[in-house]
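Observations on the model geometry
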Protein chains: 2
Amino acid sequence: VLTYSFENIGSEYMYEHIYRCIREDILDGRIKAGEKLPSKRSFAKHLDVSLIVVENAYAQLKAEGYLYSVPKSGYYANSLEEIHVVPSSSSARALEETEAPSYFADFVTSAVESEMFPYAVWTRVMRNVIATEDEKKLLLESPAAGVLKLRMAIANHLYDFRGLAVDPNRIIVGAGTQFLYNILVQLLGREHIYAIEDPGYRRLGRIYESNNVELRPIPLDEYGLIVDALVDSGADIVHVMPSHQFPTGIVMPISRRYELLGWASQRSDRYIIEDDHDCEFRLMGKPIPTLQSVDTLERVIYINTFSRSLAPTFRISYMILPLHLMQRFEQRLGFYSCSVSNFEQFTLAKFIQDGHFERHINRMRSHYRAKRDLLIKELTTTLGSQIKVLKKESGLHFLLRFDAPMSDQYVVAQLKERGVCASCISEYYHEGFQNDSHTIVLNYSGVAREAIPRAVEALADVLMQR
Amino acid sequence: VLTYSFENIGSEYMYEHIYRCIREDILDGRIKAGEKLPSKRSFAKHLDVSLIVVENAYAQLKAEGYLYSVPKSGYYANSLEEIHVVPSSSSARALEETEAPSYFADFVTSAVESEMFPYAVWTRVMRNVIATEDEKKLLLESPAAGVLKLRMAIANHLYDFRGLAVDPNRIIVGAGTQFLYNILVQLLGREHIYAIEDPGYRRLGRIYESNNVELRPIPLDEYGLIVDALVDSGADIVHVMPSHQFPTGIVMPISRRYELLGWASQRSDRYIIEDDHDCEFRLMGKPIPTLQSVDTLERVIYINTFSRSLAPTFRISYMILPLHLMQRFEQRLGFYSCSVSNFEQFTLAKFIQDGHFERHINRMRSHYRAKRDLLIKELTTTLGSQIKVLKKESGLHFLLRFDAPMSDQYVVAQLKERGVCASCISEYYHEGFQNDSHTIVLNYSGVAREAIPRAVEALADVLMQR
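Residues numbered from 1 in each chain as written. Chains lettered and ligands numbered in written order. Predicted model: local features only at pLDDT ≥ 70, side-chain atom pairs only at ≥ 80, totals over all residues. Heavy atoms only, no water.

**A few points about the side chain of T248(B)**
All names here are of chain B. Structurally, the position occupied by T248 is in the loop between strand 8 (237-240) and helix 12 (254-265). Note on T248: relative accessible area 10%, which makes it buried. Engagement of the side chain of T248 in a polar contact is seen with the side chain of Q245, the distance being 2.6 Å. Among residues more than four places away in sequence, those in contact with T248 are P199, L220, K391, H397, L399 and I425. (Helix = DSSP H or I, 4+ residues; strand = E, 2+ residues; numbered from the N terminus. Buried < 20%, exposed > 50% of the residue type's maximum accessible area, 1.4 Å probe, protein only. Polar contact = N/O pair within 3.5 Å; in protein donor to acceptor, adjacent residues only side chain to side chain. Contact = heavy atoms within 4.5 Å.)

Here is the structure:
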């Protein structure tokens, strides 16, 4: 067992002293690469120090790459080469989060194929922004609602692309829709009851719950959220995805939209949060007007994100508020700084203004369309009458109804064993798993074309019990 | 008055039609540059459409730069040159937020001098990151706590710079401390009573209030937060700035720190949030250990930001949680995505790892020290026995006590008239303005050296009633 004297400790903390002693022993070769260190508990007892002292020393050694840890086993010395040559990556390896199981085809996460992202253009635009924008402006704290240039670029984009006439002064930019939901709760009030679509994104419910608001999951019929159920729920605020509901893929027809607006019009504290998150990827048909654009009573809050249209790493989203809410925001929450850096806001503004965003969207649309068509062709060729493809007109996911006498959970588990990650509609209910839906949700944005034939093979394997 | 027929409206929305008609009239010169448009109300009445239709049309025309608006007057047509040549900037001008009054010396906002920011290095590092990092990783949604590389770089920096041994696995990265406070309320619970220092950052209180938590402002004595008052308040969670309190500049002595830790140790749901926001700029003397480093009972949450050490636009902050809170975070809030993009996280990680951050801090320290010394020298030379400089040892602000028989508000107003923005301690109380403090807070980070003599002149003008 290692023994270190505290005689020469001087002004060091104890953990610091132990950290330094062990480091020297590793550097001088007294502790060899791969050698196991004493357990924290026994070492602390042996040195007669408290456990936290040893914990801190080990944590530091680990952070700097001198040690690595093996779960349920303990700490080991790293090899010197690794420490000297690539200290950061060696410690990164030691500390890496437990690797997620890897699938060759992942139909669940909303990743994008990295080859498709226009890195070169993005960095060129960013360089250009740094060279041309007023340096002072770039470094300042961004105003609560975001940089005006970006809000104007978004307004122009919405007009060109979505036919929405939006005053940039009613747009608020924030670091992701999750962040904006947090702001919305503060703006609209925690005393209200919030309603969400059921099934829907489970994260959404968790965000509202973490904000301690009362939550009502509202069932859907074939046209989307059932307004009668909403009335009965007693909710004041409802969160909907009318342009492409997740996971059901329902596009809410105009009649239901008016019904919903009618509900909102009945009380002045009712609001509809319209989440339009993958409207850019409507692949067929004429889009139905957004709720926001037919809202004459200032009851709709429109929300959208660039995480979907650019890449998940971009934490840039925005919402459009009715005038009275924008005024309330400025009054009550205007003290916040915008949560996105000016660098990224100005870069995105220029990226949109110079037409790169539209070109990117168009490129992605044809890419996605081709991918979807290939996937559907392969599915129908291979599985034929065993399956039915549903809700394929809009957005980046569609549904696969199957007839086989298997439970949803069995199908998902069997697919995972074959390297395919997928989910069923039954998993997206607020209260947890519901009755078998026999409906797989295929979100194909992050799946490479090359992986499609093999993924369809796996589906056939499972569903046709081959 | 303009009259447009709706005969050829086709499938357009009404606002769209009006927008297009006006645009054509401007482009064809039928509406001249600078010409005033009819008021929204009268125009709506004239066309027999609802007000919102005209509002939308005007907003769109304004967003695209065809119109500009003059507050309390109305809408005017822009000149064609401006629209054609620089559509975005012309509309930017029309829409620009009401300009904040400009001061030649601003001792209130925590801006930095833009010349001091290492743009070239930052962009080089970013290019390098894009060229060398795994592209897939760069585009993915960042894990809830942030990218591991950045958390390791922060741990290393804290060790080298602050002597803190921190496990990177207990660090959470987020888009600004404001965002992290929001997360903390969700983590610690809204049922607790939160205490803040009074006087202190007023924004802090507003954030907690927007989160609907009960708030208790706690008075300070010369050693900082009064622990007896904290006990009496019934609060469970206290937010302190021990290394350099704002605005009082108090550095909490070690005895008071232990007293505070003692308070926290008495109940398992008590926590101290230690805000260390300008520790990098302690300019003299040996730093006192952070509360976090002497906390053996897992009661301290350490929080710090790069908005102060790099520039306000960087919305990158972090907190260090005790292990059990980190586990709770993963369990309850792990569904969140990190609110900072991977681009910025990887860039900052490399910026720190390659030593640029430390070099930048060192450069800024000597820059700030020289600036502070100059400011103090000018103050004492010019104002002599009229003033007393206090709390100048740490951080980026110090205090100026004056003897003149004037109210704080008078002094601040007079300074503003002379182009100097400053504040007095009396403005930072939670319940609003308190008794005259006769103490000006001079936050000098964003004031250029060249501006100092003139700023001191203005101070002398006001305080010596010249």
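There is more to say, and it comes next.
**Side note on the pattern of salt bridges**
Pairs can form between side chains of opposite charge once their charged atoms are near each other. Going through the model one piece at a time under the given rule, you end up with 30 salt bridges over all chains. R170(B) is the partner of E298(B) in a salt bridge, and the nearest nitrogen-oxygen pair spans 3.9 Å. Of this pair, E298(B) sits in the loop between helix 13 (291-294) and strand 10 (300-305) while R170(B) sits in the loop between helix 8 (148-162) and strand 4 (171-174), placing them 128 residues apart in sequence. The partly exposed category is assigned to E298(B), whose relative accessible area is 21%. In this structure, the salt-bridge partner of D461(B) is R418(B), at a minimum N-O distance of 3.3 Å. Taken together, the residues D461(B) in helix 19 (residues 452-463) and R418(B) in the loop between helix 18 (408-417) and strand 14 (420-421) connect sequence positions 43 residues apart. Each of the salt bridges in this network shares a partner with another, and the network as a whole consists of D25(A), D28(A) and R30(A). (Salt bridge = Lys/Arg side-chain N within 4 Å of Asp/Glu carboxyl O.)

**Regarding the relation of the copies chain A and chain B**
Superposition record for chain A on chain B: RMSD 0.1 Å, screw rotation 180°, translation along axis 0.0 Å. As the rotation angle and translation indicate, the two copies are arranged about a two-fold axis. Interface overlap between copies is the fraction of interface residues in one copy that are interface residues in the other; for chain A against chain B it reaches 98%, indicating a shared surface. (Least-squares fit on C-alpha atoms with pLDDT ≥ 70 in both.)

**Here's the deal with the sheet that holds strand 12 (residues 387-390) of chain A**
All names here are of chain A. Ordered by their spatial adjacency, four strands build an open sheet running 12-13-16-15, and the pairing between neighbours is antiparallel. A single partner strand is all that each edge strand has here, and the edge strands are strand 12 and strand 15 (423-424). Looking at chain direction, strand 15 and strand 16 (residues 439-443) are connected through two bridges and run antiparallel. Opposite C424, over in strand 16, you have I440 as the bridge partner. (Pairing = 2+ DSSP bridges.)

**Thoughts on the nonpolar core**
Core analysis: the biggest nonpolar cluster contains 161 residues, and F107(A), F343(A), L379(A), I440(A), F107(B), L379(B) and I440(B) have the highest contact counts within it. Setting aside residues no more than four positions away along its own chain, F343(A) makes contact with M126(A), I130(A), L138(A), L139(A), F117(B), Y119(B), W122(B), T313(B), F314(B) and E344(B). Listed in part, the 62 residues of the second largest apolar core include L321(A), L325(A), L333(A) and F335(B). (Core = buried A, V, L, I, M, F, W, Y, C linked by side-chain atoms within 4.5 Å.)

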